[in-house]
There are 4 protein chains.
Amino acid sequence: MGFVCFVVPMPFVYERTVRLADTDAAGVVYFARTLSICHEAYEAALAAAGIDLNALLGANGIVVPISRSEADYKRPLRPGDKLTIAVIPEARSENAFAVRYEVTKLGPPPKLSASVRTEHVCTAPAKRERAPLPPALLAWVKAG
Amino acid sequence: MGFVCFVVPMPFVYERTVRLADTDAAGVVYFARTLSICHEAYEAALAAAGIDLNALLGANGIVVPISRSEADYKRPLRPGDKLTIAVIPEARSENAFAVRYEVTKLGPPPKLSASVRTEHVCTAPAKRERAPLPPALLAWVKAG
Amino acid sequence: MGFVCFVVPMPFVYERTVRLADTDAAGVVYFARTLSICHEAYEAALAAAGIDLNALLGANGIVVPISRSEADYKRPLRPGDKLTIAVIPEARSENAFAVRYEVTKLGPPPKLSASVRTEHVCTAPAKRERAPLPPALLAWVKAG
Amino acid sequence: MGFVCFVVPMPFVYERTVRLADTDAAGVVYFARTLSICHEAYEAALAAAGIDLNALLGANGIVVPISRSEADYKRPLRPGDKLTIAVIPEARSENAFAVRYEVTKLGPPPKLSASVRTEHVCTAPAKRERAPLPPALLAWVKAG
């Protein structure tokens with residue numbers, strides 16, 4: 001007799017308050033801004049893992065742009081709303097990964113407000129071809 | 001003997017130049033900004049059809065928020081790039097529709113730079129339920 | 001013989017990391033975004049003082065828009081830079097106040113990166129005339 | 001007898017419609033976005049004068065960042081409002097210039113909605129010192 005132990009990694013969670021600049025004249029967060037908030041969370045997750053975002057912006061001959069995004073906007077968000085954004089990376093290949101984001105409005109009770117997913121592809125612009133993910137980024141993706 | 005004639009509606013096409021504010025430190029358009037540019041095109045298409053955007057922001061007891069977005073980012077866009085955005089509405093139900101956007105960078109040769117799709121749902125916030133699309137908006141969707 | 005004691009209020013200080021969405025293709029924070037970051041700090045300062053921003057957006061028949069802004073951009077800011085923004089309100093009249101912001105990039109050594117000032121006027125849109133500041137806001141301004 | 005002829009240069013005028021993304025939950029254009037709209041007009045004015053913006057973003061060893069901005073926000077602007085932005089450059093020195101912007105909401109009658117001014121300084125980042133304005137930019141400034 002014994003235990004079977006699953007190690008479930010806890011996702012990185014980013015905290016954010018909705019600001020006036022996030023909203024539009026409908027009184028709620030502008031849809032595309034939800035994606036920006038998720039990208040902030042992605043940047044914070046990378047920083048927490050010791051990965052310098054600037055190294056992914058061309059500094060080492062590679063860039064890791066977003067090739068696709070999907071978002072489901074489930075509930076309107078208003079100025080002052082307090083959010084958490086869970087950041088969950090997913091391995092796809094040696095050149096590519098995805099990130100899922102769960103945007104939750106704090107309660108009580110907390111409510112899932114948006115589900116977002118981005119796909120990222122590591123590219124060597126000089127060669128115009130795909131490139132392997134840098135080791136630190138690959139490690140972060142696999143730990144997700 | 002004779003002709004079979006198909007009337008193919010021409011989509012609304014919006015022209016836009018990439019501005020510095022659209023870009024980020026990677027030197028190209030920030031991914032979420034592509035969605036904002038498409039929404040500008042949607043607003044221009046509605047205006048060209050005689051539909052007042054403010055009427056969809058709560059003025060008549062209804063709002064028509066975006067419930068979902070998808071975007072494929074195919075080519076980087078840089079400051080000064082000249083774009084066309086074709087706006088193609090799709091009927092879905094009496095309460096909902098979608099809009100497809102083709103973002104093309106002018107050439108020669110022109111190149112498809114992003115494909116975007118948004119889903120919109122007409123809602124009566126006071127009743128917390130779906131509502132029929134206003135007639136002018138429904139007509140615009142059906143003509144798409 | 002004795003002491004002369006000055007009570008110097010400590011300004012509210014907001015912490016912020018520069019994000020990719022704040023920057024442009026020049027690789028640094030887009031100038032107007034500096035003002036948005038300061039407004040975030042203002043919103044956080046109001047929240048810390050127990051003032052609901054939504055109450056200043058028309059909920060009580062008044063709005064408190066910005067009538068003027070000035071900004072000196074002293075040093076470029078890059079993605080990942082850690083900032084503090086000190087928020088210092090200044091009384092002007094029963095209808096109006098100003099807020100000064102000192103944007104400092106953390107070091108070592110810390111460096112003043114931008115100085116910003118906004119002027120705010122309390123207005124009753126229905127009457128198209130100035131209105132007295134709400135008491136809680138006036139108290140926050142006077143404590144600055 | 002004869003005529004005295006003054007040649008008064010006509011300023012460059014940029015046309016812009018207020019979009020939802022320009023606004024916030026107060027229902028009007030977010031203050032800092034007014035500056036972005038003016039910078040769009042500046043970019044369009046440079047392009048009309050044959051000046052490539054990318055050449056001012058570091059391509060030739062110089063950058064021309066904004067060192068100061070001032071803005072008076074005179075009237076609220078709403079989604080769908082049609083604007084003109086007049087762009088008036090002012091010479092300051094061989095290294096620096098300013099640009100004034102008059103943001104007018106079309107009428108009838110047209111109404112001045114914001115007055116903005118930006119100061120720009122040509123800098124050689126590698127040397128950390130001021131640099132002369134490129135000839136084409138200097139010519140544009142002097143013609144203003």
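Predicted, not measured: the structure shown is a model, and the values here were computed from it.

Calculation criteria
- Residues numbered from 1 in each chain as written.
- Chains lettered and ligands numbered in written order.
- Predicted model: local features only at pLDDT ≥ 70, side-chain atom pairs only at ≥ 80, totals over all residues.
- Heavy atoms only, no water.
- Helix = DSSP H or I, 4+ residues; strand = E, 2+ residues; numbered from the N terminus.
- Buried < 20%, exposed > 50% of the residue type's maximum accessible area, 1.4 Å probe, protein only.
- Phe/Tyr/Trp six-rings, centres within 6.5 Å; stacked < 30°, edge-to-face > 60°.
- Contact = heavy atoms within 4.5 Å.
- Buried area = accessible area lost by both parts, 1.4 Å probe.
- Salt bridge = Lys/Arg side-chain N within 4 Å of Asp/Glu carboxyl O.
- Polar contact = N/O pair within 3.5 Å; in protein donor to acceptor, adjacent residues only side chain to side chain.
- Nonpolar A, V, L, I, M, F, W, Y, C, P; charged D, E, K, R; others polar.
- Least-squares fit on C-alpha atoms with pLDDT ≥ 70 in both.
- Pairing = 2+ DSSP bridges.
- Axes fitted to C-alpha atoms, helices over the stretch in contact; angles between N-to-C directions.

Draft legend 1. How the structure looks around the environment of B:Ala126. Residue and element names in this part refer to chain B. Considering the arrangement of structural elements, one finds alanine 126 in the loop between strand E6 (123-124) and strand E7 (129-130). Note on alanine 126: relative accessible area 81%, which makes it exposed. C-alpha separation for the pair alanine 126 and isoleucine 62, spaced 64 residues apart in sequence, amounts to 8.5 Å.

Draft legend 2. Looking closely at the packing of aromatic side chains. The tally for this structure, following the rule as stated, stands at 16 aromatic pairs over all chains. Every member of this aromatic cluster is reached through a ring pair, and the members are A:Tyr30, A:Phe31 and A:Tyr73.

Draft legend 3. Summary view of the interface of chain B and chain C. With 8 residues of chain B at the contact, the number on the chain C side is 8 residues. Around 650 Å² of area is buried between chain B and chain C when both sides are counted, 74% of it from carbon and sulfur atoms. Where chain B meets chain C, there are 0 salt bridges. Between chain B and chain C we count 4 residue pairs in polar contact (both at pLDDT 80 or more) in total. Per-class residue counts for the side of chain B that touches chain C are 5 nonpolar, 2 polar and 1 charged.

Draft legend 4. Summary view of the relation of the copies chain B and chain C. Least-squares fitting of chain B to chain C yields an RMSD of 0.0 Å, with the superposition described by an axial translation of 0.0 Å and a rotation of 180°. Classification of the inter-copy transformation places it as that of a two-fold axis. In terms of proximity to the rotation axis, the leading residue of chain B is B:Asp24, whose C-alpha is 1.9 Å off the axis. A shared interface surface links the copies, since 100% of the contact residues of chain B are contact residues in chain C too.

Draft legend 5. Geometry of the sheet that holds strand E1 (residues 12-17) of chain A. The strand order E1(A)-E3(A)-E4(A)-E5(A)-E2(A)-E2(B)-E5(B)-E4(B)-E3(B)-E1(B) describes an open sheet built from 10 strands, whose pairing is antiparallel. Among the strands making up the open sheet, the edge pair consists of E1 of chain A together with strand E1 (12-17) of chain B. Each adjacent strand pair in this sheet contributes to an overall mean axis angle of 20°, direction not counted. One ladder, built from 5 bridges, connects strand E2 (residues 66-73) of chain A with strand E2 (residues 66-73) of chain B; its direction is antiparallel. Pairing of A:Asp72 across the sheet is with B:Arg68, part of E2(B). Packed onto the sheet, helix H2 (residues 135-142) of chain B meets strand E3 (82-91) and strand E4 (96-105) of chain B and runs at close to 105° relative to E3(B).

Draft legend 6. Geometry of the relation of the copies chain B and chain A. When chain B is brought onto chain A, the operation consists of a screw motion whose angular component is 180° and whose axial shift is 0.0 Å, with 0.0 Å RMSD remaining. Most of the interface of chain B is mirrored in chain A: 100% of its interface residues are interface residues there too.

Draft legend 7. Summary view of the pairing of strand E4 (residues 96-105) of chain C. Residue and element names in this part refer to chain C. In terms of burial, E4 is largely enclosed, as 7 of its 10 residues are buried. The antiparallel pairing of strand E3 (residues 82-91) with E4 creates a hairpin that spans 4 residues between the two strands. Connecting the antiparallel pair E4 and strand E5 (residues 111-121) is a turn made up of 5 residues.

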